[in-house]
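Fold and geometry: a report
Read off the chains here:
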Amino acid sequence: MATERPSRLRVFSLNCWGIRLLSQHCAQRYEMIGELLDREQHDIALLQEVWSEKDFLFLKGKLSPSHPYSHYFKSGVIGSGLAVFSKHRIQDALLYQYSLNGYPYMLRHGDWFGGKAVGLVIVDVFGLKAHVYVTHLHAEYSRAQDEYLPHRIVQSWELLQFVRHTSCGADLVILGGDLNMHPEDLGNRLLRSHTGLRDCYTETDMFDGCDDGHTLIADNHFTKKQDLIPFEKGIRIDYILIKGSHRVSMKCESLSTTKGSVADKPFPYSDHEALTADLTLLRSEDSRNALPASERMEVVSEARAVVKEGLCLTEALRDKASRLMCAALLLLLLVFLPCLCHFSFTTTGFLGAVCTGALLSGALLYLLFTTHIKVLKETEDQMLLSSNELHTKLTGCRVSGSSSSDGSPELQPSGSFKREE
């Protein structure tokens, strides 16, 4: 930065709930969101669930005077829904689509069809290199029976790995989006502990918004009350996370949220509340505050346990798909064996079509679950590597790649290798 005076940065994040034909008052709300962004003059706006590129282009045209730089991330069947608008020049962009994101047959949830991902834009902010991330993780549909928890843990792991390996050399790191996790959920703790990102809500000097920072509240006109059970008042699942560097420290001076209703408007901006963080940038020494290795090891161990559980469940689903294929193939053979076929041509054709459909469904599900198993195993292997490295830092003993006779990793001194005379 050219001077010692603090530079300020305003960051905005909102899940727009922009599903055309399904979301209520979609076009009118995009008009309201555009007006808000143009009026408030945020430096960077991070949007999620902008599912239609037409809506992105509408916002781009409306915001071109105030936010001349923008990027729309495309992935999946209907897109990632991620968009960035910036006052400052966007130098580069990169997208990573999460390996696991629900199931295609869960039509009522629909997460699989949206290419859930993390998008990165590199922005020139006051001569500093800012790595700005926007993301949207898989939804939690049931707190008590969360069948997607392993998928969200895998997404959290891939997110933190993406941030860690792409933010080297960045002066500023900002991540905003709908994480679909409560502040102390496992995936959230995993992300913060391994990246050093800090939650603006817990860091801010001044907060103006919903109680406890909630971003999905009962008082919002669009909120389905059953979605909040057992948290009747609301939940906090949308975040702005920040991290400085050895060149620049970053502090959240104030954080605010919308509060459901909008003055002089008949409905809110979205079913989620918007976040606005006012950040101060100052020259400083290294501002990194990594958690102790022991705490990071505990979080990784918890995450590995969830991934292992998800692996067992997915293997059981693959076994069911395999049995479905075998049963369908057997019935198909019985139907078309002339010596055993006592049905009319119409009945035989109908039964054959049903068996063929079941066979193809079983085969597709088998392939789907096999892919999921590979992703879960790869994630577990990466977590094991990370855990071993943290163990080495704690004990000074290197964990070898092989295992002892009881299945536990073998420990070796981490000293240098000495050749025997």
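Everything quoted here is computed from the prediction, not taken from an experiment. (Residues numbered from 1 in each chain as written. Predicted model: local features only at pLDDT ≥ 70, side-chain atom pairs only at ≥ 80, totals over all residues. Heavy atoms only, no water.)

1. Structural notes on the overall build of the protein
Selection criterion: The secondary structure listing takes helices from DSSP runs of H or I that are at least 4 residues long and strands from runs of E that are at least 2 residues long, numbered from the N terminus. Between buried and exposed lies partly exposed: a residue is buried under 20% and exposed over 50% of the maximum accessible area for its type, with that area taken using a 1.4 Å probe on protein chains only.
Each helix and strand in the protein was counted, giving seven helices and 17 strands. When burial is assessed residue by residue, the protein has 50% of its 421 residues classed as buried.

2. Here we look at the pattern of salt bridges
Rule in force here: Any Lys or Arg side-chain nitrogen located within 4 Å of an Asp or Glu carboxyl oxygen qualifies as a salt bridge.
Under the criterion given, the structure shown has 23 salt bridges. K251 is paired through a salt bridge with D205; the nearest N and O atoms lie 3.2 Å apart. Within this pair, whereas K251 is found in strand β14 (residues 248–257), its partner D205 is found in the loop between α5 (200–203) and β10 (206–208), the two being separated by 46 residues in sequence. Judged by its relative accessible area of 43%, K251 is partly exposed.

3. Concerning the confidence of the model for the protein
Quick note on the threshold: On a range of 0 to 100, pLDDT expresses the predictor's confidence in each residue. Any two residues whose heavy atoms approach within 4.5 Å are treated as being in contact.
Mean pLDDT over the protein stands at 89; residues scoring 70 or higher make up 88%. Low pLDDT (under 50) marks residues 402–407, which in the prediction has six contacts with non-local residues, meaning those over four places away or in another chain.

4. Re a nonpolar patch on the surface
As a reminder, the rule being used: Exposure above 30% relative accessible area and the lack of any salt bridge qualify a residue for a patch; like charges then connect within 9 Å, and the nonpolar side chains Val, Leu, Ile, Met, Phe, Trp and Tyr within 5 Å. Surface exposure here means Shrake-Rupley accessible area, sampled with a 1.4 Å probe, where a residue is shielded only by the protein chains that are shown.
Judged by side-chain polarity, V77, I78 and W112 come together as a nonpolar surface patch covering roughly 290 Å² of accessible area. Position of W112 among the secondary structure elements: in the loop between β5 (90–97) and β6 (117–125).

5. Regarding unusual backbone geometry
Cis peptide bonds are those with omega within 30 degrees of zero, and the linkage from I229 to P230 qualifies with 5°. Mapped onto the secondary structure, P230 falls in the loop between β11 (216–217) and β12 (234–235). The phi dihedral of E49 falls on the positive side, at around 60°, and the residue is not glycine. In this fold, E49 is placed in strand β2 (residues 44–50). Look at D212: it is not a glycine, yet its phi comes out positive at around 60°.

6. Considering the packing of aromatic side chains
How we decide: The criterion for an aromatic pair is that two Phe, Tyr or Trp rings (for Trp, the six-membered ring) have centres within 6.5 Å, with stacked assigned to planes under 30 degrees apart, edge-to-face to planes over 60 apart and tilted to the rest.
Summed over the entire model, instances satisfying the criterion amount to 14 aromatic pairs. Residues Y103 and Y105 carry aromatic rings whose centres are separated by 5.3 Å and whose planes lie at 15° to one another, so their mutual orientation is stacked. With relative accessibility at 8%, the residue Y103 sits in the buried group. Accessibility expressed as a relative area gives 39% for Y105, which makes it partly exposed. Look at Y103 and Y148: their rings are 6.0 Å apart centre to centre, the planes differ by 35°, and that puts the pair in the tilted class. Of this pair, Y103 sits in the loop between β5 and β6 while Y148 sits in the loop between β7 (128–136) and α3 (149–166), placing them 45 residues apart in sequence. Residues Y103 and Y148 agree in their burial class; the two are buried.

7. Let's talk about helix α4 (residues 186–195)
Within α4, nine of the 10 residues are buried, which leaves the element mostly enclosed by the surrounding structure. Of the residues making up α4, those classed as buried are L186, G187, N188, L190, L191, R192, S193, H194 and T195. Two residues or fewer after α4 comes G196, characterised by a positive phi angle close to 80°.

8. Let's talk about the environment of G127
Relative to the assigned elements, G127 resides in the loop between β6 and β7. In this structure the C-alpha to C-alpha distance between G127 and D171, which are 44 residues apart in sequence, comes to 9.8 Å.

9. Details of the side chain of Q155
Rule in force here: Polar contacts, as used here, are pairs of N or O atoms within 3.5 Å; protein pairs need one atom able to donate a hydrogen and one able to accept it. Residues neighboring in sequence count only if both atoms are side-chain atoms.
When you line up the elements, Q155 lands in helix α3. Overall, the relative accessible area of 0% leaves Q155 in the buried class. A polar atom in the side chain of Q155 sits 3.2 Å from the side chain of N101. Beyond its immediate sequence surroundings of up to four residues, Q155 is in contact with Y98, L100, N101, K116, L137 and H138.

10. Details of the UniProt feature "transmembrane region" (unreviewed entry) in the protein
For clarity, the cut-off: UniProt positions are given in the numbering used here, feature names are shortened, and annotations may be inferred rather than shown by experiment.
UniProt records the feature "transmembrane region" (unreviewed entry) at residues 324–345 and 351–369, using the numbering of this structure. In this annotation, residues 351–369 is assigned 100% helix and 0% strand; the end-to-end C-alpha distance for the span is 27 Å.

11. What about the side chain of R304?
Of note, R304 is situated in helix α6 (residues 293–336). Excluding its chain neighbours within four sequence positions, the residues that come into contact with R304 are E380, M383 and L384.

12. Considerations on the state of the cysteines
Test applied: Here, a disulfide means two cysteine sulfur atoms that sit within 2.5 Å of each other.
Here the structure, examined in full by the defined rule, presents zero disulfides. The thiol of C16 is unpaired, and the distance to the nearest cysteine sulfur, on C26, comes to 8.8 Å. Cysteine C200 remains unbridged, with the sulfur of C252 as its closest cysteine sulfur at 3.9 Å. By relative accessible area, C200 is classed as buried at 1%.

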